[in-house]
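# Descriptive structure summary
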Amino acid sequence: MAFRRTNPYCRFCEQEGRDSLADVTDHILPAHEYPHLRYVWDNLQSLCSFHHDNLKQKLELYARKNGLLDKLVEWSADPESRPVHLRPIPK
């Protein structure tokens, strides 16, 4: 909750040029695989429910399936670095 108070907008919406309030504080690197990062603010991001339940879950599943979990940090920060099928649709 403290993280979202400081970072109230969805990171992925901002990357798409919109300001939408976040509903979820997400662990960029999953806390299950990286428990030592559970409370590290640099491993947190604010997301709206849509982006958390759709895009972030797809990114995480793809990364896990392909042994690329460490790429989630880069993919979260830079949409152009994501696998092509998981990038935002160009405007």
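Residues numbered from 1 in each chain as written. Predicted model: local features only at pLDDT ≥ 70, side-chain atom pairs only at ≥ 80, totals over all residues. Heavy atoms only, no water.

### What to know about helix α3 (residues 49-65)
Quick reminder: α-helices carry 3.6 residues per turn. Residues three or four places apart thus point the same way. When the terminal C-alpha atoms of α3 are compared, their 23 Å separation across 17 residues agrees well with the 24 Å that a helix rising 1.5 Å per residue should span. The largest bend in α3 amounts to roughly 30° and is located at K56. All of the buried residues in α3 are H51, H52, L55, K56, L59, E60 and A63. Against α2 (11-15), β1 (24-27), β2 (44-47) and α4 (72-77) lie the buried residues of α3. (Helix = DSSP H or I, 4+ residues; strand = E, 2+ residues; numbered from the N terminus. Expected span 1.5 Å × (residues − 1). Bend = angle between axes of the 7 residues up to and from the residue. Buried < 20%, exposed > 50% of the residue type's maximum accessible area, 1.4 Å probe, protein only. Contact = heavy atoms within 4.5 Å.)

### Focus on the environment of L29
Mapped onto the elements of the fold, L29 is located in the loop between β1 and β2. The buried category is assigned to L29, whose relative accessible area is 9%. Each C-alpha atom, one on L29 and one on L72, is 6.4 Å from the other, the two residues being 43 residues apart in sequence. Contacts of L29, omitting those with residues within four sequence positions, involve Y34, L37, N43, L69, D70, L72 and V73.

### Notes on the pattern of salt bridges
For the structure on display, the rule yields six salt bridges. For R18, the salt bridge identified is with E16, shortest N-O distance 2.8 Å. The exposure class assigned to R18 is partly exposed, which follows from its relative accessible area of 38%. Through salt bridges that share partners, D26, E33, K56, E60 and R64 make up one connected network. (Salt bridge = Lys/Arg side-chain N within 4 Å of Asp/Glu carboxyl O.)

### Re the side chain of S81
Position of S81 relative to the elements: it lies in the segment after α4. Among the polar contacts listed, one links the side chain of S81 to the backbone oxygen of E74, at a separation of 3.2 Å. Beyond its immediate sequence surroundings of up to four residues, S81 is in contact with E74 and W75. (Polar contact = N/O pair within 3.5 Å; in protein donor to acceptor, adjacent residues only side chain to side chain.)

### A short note on the packing of aromatic side chains
Following the criterion strictly, the structure yields two aromatic pairs and no others. A centroid spacing of 5.1 Å and a plane angle of 75° characterise the contact between F3 and W41, whose relative ring orientation is edge-to-face. Here F3 is found in helix α1 (residues 2-6), whereas its partner W41 is found in the loop between β1 and β2, with 38 residues between them in sequence. Here the guanidinium or amino end of R82 rests over the ring plane of F12, the centre of that ring lying 4.6 Å away. (Phe/Tyr/Trp six-rings, centres within 6.5 Å; stacked < 30°, edge-to-face > 60°. Lys NZ or Arg CZ within 6 Å of the ring centre and 35° of its normal.)

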